[in-house]
Amino acid sequence: MATSDAGQIPSAEDLKLYTLQQKYAEEAAKRFRPEFTAQFVSLADADDKRIHALGDDPWVDHTALNAKPPVADGARYKFVVLGTGFGGIIFAVRLIEAGLVKGPQDLLLIDTAGGFGGTWYWNRYPGLHCDIESYTYLPLLEETGFVPKFRYSPGYEIREHAERIATKWNLNDKVLFRTKTNSARWDDAGKVWNIAVTENRGPAEPSRDLTIKAEYFMSCVGVFPKPHAPKIPGLNSFAGPLFHTSRWDYSVTGGSQDSPELTKLEGKRVGIIGTGATAVQAVPALAKYAKELYVFQRTPSSVWPRDQRPTDPEEWKTKIATHPGWQLERMANLNAFLTNAATEDLPNLVDDAWSRMPAYCANVGCPKWGYIEPTPEKIGEHIGRLMRLDLANAEAARARVDATIKDPTTAAKLKAWYPVWCKRPTFSDDYLETFNLPHVHLVDTDGKGVESSTSKGLVAGGSEYDLDILILGTGYEGPVTHDGDPTARADFSVTGREGRTLSQKWAEQGVTTLHGFSSHGFPNFFFQNAVQGASGANYAYSLETWSRHLADVIRQAEERAPAPGKRVVVENTVEAEEAWAGELMRHGPYYASMMGCTPSYNNAEGAMAQMPSDPAEMMKKARLAAWSFGLESFAKVLEDFRKGGVKGFEVTGADV
Ligand SMILES: NC(=O)C1=CN([C@@H]2O[C@H](COP(=O)(O)OP(=O)(O)OC[C@H]3O[C@@H](n4cnc5c(N)ncnc54)[C@H](OP(=O)(O)O)[C@@H]3O)[C@@H](O)[C@H]2O)C=CC1
């Protein structure tokens, strides 16, 4: 901790921060597990049949999808986009708007889901909403003319909006749902991608293995494609119903997403493992119906007011949707507050709890501090500055617990002892209050987690809790789990020129990209990813920034076609990606504040703090950085790059 400006004697605030840092370190240590991410198994990878089946699609309508004309084996498209969440949808829209999609064979979107929406397709749990303001989160509001009903949209409204976009841009006949992409291989002679997929046609028909050809292949797989479960001994022996929050089983709870009256929980003892952003939304709904609710907590979330309200039509007209371009400006405005970049005269348009946590910039970058020198003194100063920026907020969050929870012992257990950047903040007007109800039991495991499961219930802290129903609110494989590799994250391989996969290339030389979106040796392959790039707390803003950029890169490349009648092969150069990696390594020290964090998906459950002793491995790790000046500054870098004619990409020709 840095000393005060006044001299050598630490100020009272310095001492307070020092004590707080000690407390944070003690709490983080309780949560440390040497298995890191191996403490979990992704549902799709689980050998155990019951755990594996927890990942099945509960929402798909096989009859309707089987009635659609099938995509032919060997069919060829100009663009194949992996993902039908907002990433894939926005990217498709930007390609269309750039004039790059003309005929029916120009675009195909592929997803394992049975419908549009990505995370909003899968997640339908009661209480689901997006805690980012809907006016900044729901994409393409100006283009669709849609007015969200609430300041924070419920999940079904967001899913319907994804479907609205798909309808407006005619994506419904350009999609292959319930299809797992297994691999993509570049054919250097034919200059096309061969994408091997498996289409699941439901219980009544055999699945189909297809190869789809693509001139361009885009991976838009999102941040959390794979739900996972902790490897709790005996979990599969639990005798009652068991499901994951991302595949909510309304046949067990009663109700539906539109009408979440969970009447089948009446008289039941329900357990939920997890207290992250999902559980914070689901727990109040469960508490309304369950006879007894047991919430198994390993690390408490910091919980901020949500302050939900319906959209006021007058406010919408006069203060929000006031002029063309308002939505991107509003996204940028929120981002300025989250990256600690707001000037004093900048109005806070969103003005919610998210917009009042500038220390979150430790996670998403800050444009005003420049590079952080990689010396212990400068890094110490940087962390001290962030701790100061966070202090009032962190204390307010803990005070909110004291002010809400009647029982002081329960209140003590619900307080978050880490800075805001270590675990995603959560927002709720009723989560904390739920723990004042006599039938709601907080089972705090003091960082240890649930010990085991029996046929009757869960064991934690040496006690057994009998349950009728068990719900896993235990999250997903995180975005840095595979060192940020977007192909490993979504469980497919991409083999480029010379037979090397992207995963092999990154394992051998560390993350290597131009702007985070492409890699030499993988022509006409682009991926949406935050590693070696920048993202924001509002993921929709990231997706807009990335998609507009990539569509324009491709448009410019297409205009540089080497000869009439040739199609374009575009690939970033080695020089461009190495220069970018060199630049990004200068941004690494900024993120030193994440190293001491409580383990979470943000730091691969603590693995990211384990620095290798081999210098070559250390250099590789250093490439796993993000742009530390924030998304807005990154967008400017991309804009300048496009204005400069996308130099750094080589364009060659291929026969049509
Ligand atoms: N925009 C929005 O409104 C929403 C966004 N999201 C996004 O999805 C992300 C994932 O959220 P979520 O689904 O809650 O997943 P998280 O990974 O945030 O939470 C998983 C929870 O399970 C707990 N857990 C895991 N293993 C064990 C164990 N062995 N024993 C006890 N507890 C255990 C974790 O504890 P521990 O913390 O100790 O690891 C944690 O509380 C969010 O961070 C957010 O980015 C989710 C919901 C809403």
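Structure: above.
Residues numbered from 1 in each chain as written. Predicted model: local features only at pLDDT ≥ 70, side-chain atom pairs only at ≥ 80, totals over all residues. Heavy atoms only, no water.

### Overview of helix α12 (residues 326-338)
Quick reminder: α-helices carry 3.6 residues per turn. Residues three or four places apart thus point the same way. If you check α12, its first and last C-alpha atoms are 18 Å apart, about what 13 residues at 1.5 Å a residue would give, namely 18 Å. With 11 of its 13 residues buried, α12 lies for the most part within the structure. Among the residues making up α12, those that are buried are W326, Q327, R330, M331, A332, N333, L334, N335, A336, F337 and L338. Where α12 is buried, its residues meet α6 (134-137), α7 (141-144), α11 (313-320), α13 (361-364), α19 (539-559) and α22 (631-643). (Helix = DSSP H or I, 4+ residues; strand = E, 2+ residues; numbered from the N terminus. Expected span 1.5 Å × (residues − 1). Buried < 20%, exposed > 50% of the residue type's maximum accessible area, 1.4 Å probe, protein only. Contact = heavy atoms within 4.5 Å.)

### A short note on the state of the cysteines
What the rule picks out here adds up to one disulfide. C422 shares a disulfide with C597; S-S distance 1.9 Å. Disulfide C422-C597: torsion about the S-S bond near -80°, hence left-handed. Of the two residues, C422 sits in the loop between α15 (408-413) and β13 (426-427) while C597 sits in the loop between α20 (574-585) and α21 (615-622), which places them 175 residues apart along the sequence. In this pair, the class of C422 matches that of C597, namely buried. Lacking any disulfide linkage, C366 is separated from the closest cysteine sulfur, that of C361, by 4.6 Å. (Disulfide = S-S within 2.5 Å.)

### Some words on the sheet that holds strand β17 (residues 463-466)
The strand order across the open sheet formed by three strands is β15-β16-β17, and the pairing between neighbours is antiparallel. Strand pairing shows two members of the sheet lacking a second neighbour, β15 (452-453) and β17, which therefore form its edges. Strand direction decides the pairing type here: strand β16 (residues 457-460) and β17, joined by four bridges, are antiparallel. Paired with A460 across the bridge in β17 is S463. (Pairing = 2+ DSSP bridges.)

### What to know about the pairing of strand β18 (residues 469-472)
Side chains I469 and I471 project from β18 onto one buried face, and the interleaved L470 and L472 project onto a second face that is buried too. As paired strands, strand β9 (residues 242-244) and β18 are joined by three bridges and run parallel to one another. The residue of β18 that forms the bridge with L242 is L470.

### Description of the site of the ligand
For the ligand, the set of nearby residues contains 26 residues, the closest of which are R31, T278, T299, K423 and Y601. At 2.9 Å from an oxygen atom of the ligand is found a main-chain nitrogen or oxygen belonging to T275. K423 places a side-chain nitrogen or oxygen 2.6 Å from an oxygen atom of the ligand. Burial of the ligand by the surrounding chains reaches 89%, relative to a free accessible area of 910 Å². Residue contributions to the shell around the ligand peak at three residues, all from helix α10 (residues 277-289). Taken together, the residues that form the shell around the ligand break down as 10 nonpolar, 11 polar and five charged. Each of domain 1 (32-69 + 228-301 + 425-475) and domain 2 (70-225 + 478-587 + 625-655) contributes no fewer than three residues to the shell around the ligand. (Near = heavy atom within 4 Å. Polar contact = N/O pair within 3.5 Å; in protein donor to acceptor, adjacent residues only side chain to side chain. Areas by Shrake-Rupley, 256 points an atom, 1.4 Å probe, with all protein chains shown as cover. Nonpolar A, V, L, I, M, F, W, Y, C, P; charged D, E, K, R; others polar. Domains from an automatic or database assignment.)

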